[in-house]
Amino acid sequence: MLEKKYHINLSSSEFAHYIEEKLLYVDKSIFIEHFMNNPSNVLLITRPRKMGKSLNMNMLAEFLDCKKSSAHLFKELEIGKTKTFEEHLNKYPVIYLDFKNLSPSCYKNTLREQLMKHINKYLDPMQYTKLIKKNIENEEEINLRSLTKNLYRVYKVKPIILINGYESLFMDSLNEPNHEEIKTYMSLFFESAFNDNPHIKKALLTGILRLSYESMFSKVSDIEAYDVFTQSEFNEDFGLTEKEVKDLVEPKDFKTVKKWYDGVRVGNSYVYYVHSVMSFLSEGKFSSYWGKNSNMSLLGNLLTQSKILCIGELVKKLGNTFTTELGPRISLKELLTDKEDKYYYALAVQAGYLSWDKVASINPRSRFYELCIPNEELIMVWQEYILNSLVQKEKQNQLAEIFEVIDNADHFNKELKNLLSFKLSLFDLCSNLEKTYHSLALGLMVDLGFDVSSNSTAGISKYDLFIETKEWTAVVEFKVSKMIRDIKEATKEALTQINRKKYLANACKNKPAYAIGIGTHKRNVEVMCERAW
């Protein structure tokens, strides 16, 4: 049990609540100075989920908002010791938009409501220009450029724009019929806000993924991006540093905490997931907190057998690595058409499921990286939430389709071979290879609802699997080959054994019966199916 006791909130992103209620808060206020002193006007910072992005954005808005009086919240923090405190505290109109709350079905109305709150907060009706008034009356989208112009005219200071989860709506709409409409709308929205807008002091967008300009910013220039590959002053502003974690946990727990939650590389720094460490401090046990309540369907749906083989090697042991090329900006067009693996692995790294180390490349135009799963928590995430759960469901449907054509031997053999090879890449192979294959096949058949018996006697010996359905009966026999060149002979021997030992002796004669021999060598599989009658 933990000896240190903290008041921990795992759900709120409201900065003032942490300070006023004396909740556990790790001081990240120096982020404000880093942002205000950065020479770029428009910044994009991407980090994996659960790294404290929303809390930092809320803190930034609280500090800058000219309608707030926030000195009491910040004076004891690091930012209170800097010139930034006096120079920028509560000096600006702040347009703070949360795109994570936008739904593909009603995004315009929700976004408009968020903008109207800022209009009502900073401008009275007499201060609306005709353009804003016209847009409101016609229920059209509000021109963000005209809003910033009006705020500057009224307050004599340029406003600041903060957008949290900038790519959330775009990604959530990938499979929606109005995706292209949303893409166009968001592109125009960002263009209006940021493209050579003389009426903004600074702007910050945060999100998980750094999307390529063809996806979101085709008409926007001069956005300075800071992703997990970028070395910058922002490296340790999101997530927890090792020093911060050491201050939070008991010395006796630190090594285990490091093994479970450390290893996410940002620039040249390594940070811990805020939510994971805080959840450990709250619950007092080591578990996979990061993977819960996360949508990982895109990673699962885009897995191919080659990717499964690479990830399968990583989940075997903490510290395993492989080298691949990465695209720093994720092209969804390339990602979704599966033209190059480099965009899939870039997605996995930027989203926080893998971590990276740069590897020297002969070609200076290529970006090759050594990838790993950085901690025990993420090994569990890959095994339980992505490989076993998401892929299991998809492949189970394929298995049902394969058995529908069991009478087409060539097609059945090919498809079952491919499926078993794919599934076996998800698991570590134990020393008893036949047991591994046997257990996998048994689980697949049971999940399909087949009536299956295992290692029972029929004829003159024990079979491996006996399958009974309303339409047909089958016996499955496994043979492990010591050498890859002998795998086909092992498969034939499995078929011969079914016939020689009469495993189908008790099968119903009124429906088709099949002998299925499966030969294996490590992850290599051969399948032969013959109809007995």
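Just above sits the structure.
Being a predicted model, the structure only gives us computed values, none of them experimental.

**Q** For the overall build of the chain, give the residues involved together with the corresponding values.
**A** Within the chain, the regular secondary structure consists of 21 helices and 17 strands. Considering the chain as a whole, with its 533 residues, one finds that 54% of them fall into the buried category. Counted over contacts in the chain with a minimum sequence separation of 6, partners at least 24 positions apart contribute 72%. Only carbon and sulfur atoms are counted for the fraction: they give 48% of the accessible area of the chain, which is about 24,600 Å².

**Q** An account of the sheet that holds strand β1 (residues 42-46) is needed here, citing residue identities and associated values.
**A** Taken in spatial order, the five strands make up an open sheet running β2-β3-β4-β1-β5, and their pairing is parallel. The two strands at the open ends of the sheet, each matched to only one other strand, are β2 (94-98) and β5 (223-226). The mean angle between the axes of side-by-side strands here comes to 15 degrees, regardless of whether they run parallel or antiparallel. Across four bridges, the pairing between β1 and β5 is parallel. Counted as the bridge partner of L44 is A225 from β5. Sheet strands touched by helix α3 (residues 53-64): β2, β3 (160-164) and β4 (202-207). Its angle to β3, the strand with the most contacts, is close to 160 degrees.

**Q** Tell me about helix α10 (residues 179-194), and please be specific about residues and values.
**A** Over its 16 residues, α10 extends 22 Å from the first C-alpha to the last, a length consistent with the 22 Å expected when each residue adds 1.5 Å. Immediately beyond the C-terminal end of α10, within one or two residues, lies D196, with a positive phi of roughly 55 degrees.

**Q** Quick one: what's the story with the nonpolar core, residue by residue and with numbers?
**A** Counting residues in each nonpolar core, the largest one holds 113 residues, and the members touching the most others are F74, I163, F190, F194, Y353, L354 and W382. Core analysis: the second largest hydrophobic core is formed by 24 residues, L416, F450, W472 and I516 among them.

**Q** Summarise unusual backbone geometry; cite the residues concerned and give the values.
**A** Phi angles above zero are rare outside glycine, and D196 is one such case at about 55 degrees. Relative to the elements of secondary structure, D196 occurs in the loop between α10 and β4. Since its relative accessible area comes to 60%, D196 is described here as exposed. Look at K502: it is not a glycine, yet its phi comes out positive at around 55 degrees. In this fold, K502 is placed in the loop between α21 (487-500) and β16 (513-521).

**Q** Can you lay out the packing of aromatic side chains for me, pointing to particular residues and giving the numbers?
**A** All told, the structure shown has 33 aromatic pairs when counted by the stated rule. Ring plane angle 85 degrees and centroid distance 5.0 Å describe the contact between F63 and F74, whose orientation is recorded as edge-to-face. Here F63, found in helix α3, pairs with F74, found in helix α4 (residues 71-74); they are eleven residues apart in sequence, far enough to count as distant. In this structure F63 comes out as buried when scored by relative accessible area, which is 0%.

**Q** Which residues make up the packing of helix α2 (residues 30-37) against α3, and what values go with them?
**A** Two numbers describe how α2 lies on α3: the axes approach to 10 Å, and their chain directions differ by 75 degrees. For the element pair α2 / α3, the angle class is roughly perpendicular. Between α2, through F31, I32, F35 and M36, and α3, the contact on the second element is made entirely by N56, M59, L60, F63 and L64. Class assignment of the residues belonging to the contact of α2 with α3 gives a composition of eight nonpolar, one polar and no charged.

**Q** Before we move on, can you summarise the pairing of strand β15 (residues 473-480) with the specific residues and values?
**A** Along β15, six of the eight residues are buried, which leaves the element largely enclosed by surrounding structure. Two elements, strand β14 (residues 465-468) and β15, share four bridges in a ladder whose sense is antiparallel. When the bridges of β15 are listed, F466 appears paired with V475. Counted between consecutive antiparallel strands, the loop separating β14 from β15 contains four residues. In the classification by handedness, the crossover that spans β15, the intervening α21 and the parallel β16 is right-handed.

**Q** Help me get a handle on the pairing of strand β10 (residues 368-372), residues and values and all.
**A** Alternating positions in β10 separate cleanly, Y369 and L371 being buried on one face and F368, E370 and C372 remaining unburied on the opposite face. Here strand β8 (residues 321-325) pairs with β10 via five bridges, running antiparallel. If you follow T324 over to β10, its bridge partner there is Y369. Pairing of strand β9 (residues 355-359) with β10, which is carried by five bridges, proceeds in the antiparallel orientation. When the sheet's bridge partners are listed, D357 is paired in β10 with E370.

**Q** Mind laying out the sheet that holds β8, listing which residues take part and the relevant values?
**A** The three strands are arranged β8-β10-β9 in an open sheet whose pairing can be described as antiparallel. Both edges of this open sheet fall to β8 and β9, since each of them pairs with a single strand only. On average, each strand axis in the sheet is tilted by 35 degrees relative to the strand beside it, whichever way the strands run. In this fold helix α17 (residues 341-350) packs onto β8, β9 and β10, with an angle of close to 120 degrees to the strand it touches most, β8.

**Q** Outline the pattern of salt bridges, supporting the account with residue identities and numerical values.
**A** Two side chains of opposite charge can pair, provided their charged atoms sit close to one another. Scanning all chains against the criterion turns up 17 salt bridges. With its nearest N and O atoms 3.8 Å apart, the salt bridge here joins E376 to K259. Pair noted here: E376 is in helix α18 (residues 376-404) and K259 is in helix α12 (residues 251-261), with a separation of 117 residues, a long-range link. Relative accessible area serves as the criterion here: at 45%, K259 is assigned to the partly exposed category.

**Q** Now, about α2: what can you tell me, with residues and values included?
**A** Of all the positions in α2, only F31, I32, E33, F35 and M36 are classed as buried. The inward-facing, buried residues of α2 abut β1, α3, α4, α5 (83-88), β3 and β4.

**Q** Requested: an account of the environment of E250, with residues and values cited.
**A** Relative to the elements of secondary structure, E250 occurs in the loop between α11 (242-248) and α12. Exposure remark for E250: the relative accessible area of 11% places this residue in the buried category. Counting along the chain gives 31 residues from E250 to L281, while the straight-line C-alpha distance between them is 9.9 Å.

Scoring rules and cut-offs
Residues numbered from 1 in each chain as written. Predicted model: local features only at pLDDT ≥ 70, side-chain atom pairs only at ≥ 80, totals over all residues. Heavy atoms only, no water. Helix = DSSP H or I, 4+ residues; strand = E, 2+ residues; numbered from the N terminus. Buried < 20%, exposed > 50% of the residue type's maximum accessible area, 1.4 Å probe, protein only. Contact = heavy atoms within 4.5 Å. Areas by Shrake-Rupley, 256 points an atom, 1.4 Å probe, with all protein chains shown as cover. Pairing = 2+ DSSP bridges. Axes fitted to C-alpha atoms, helices over the stretch in contact; angles between N-to-C directions. Expected span 1.5 Å × (residues − 1). Core = buried A, V, L, I, M, F, W, Y, C linked by side-chain atoms within 4.5 Å. Phe/Tyr/Trp six-rings, centres within 6.5 Å; stacked < 30°, edge-to-face > 60°. Parallel < 35°, antiparallel > 145°, perpendicular 65-115°, else oblique. Nonpolar A, V, L, I, M, F, W, Y, C, P; charged D, E, K, R; others polar. Right-handed = clockwise from strand over helix to strand, strands pointing away. Salt bridge = Lys/Arg side-chain N within 4 Å of Asp/Glu carboxyl O.

Honestly, that's just the spatial picture; any functional story needs more than this.
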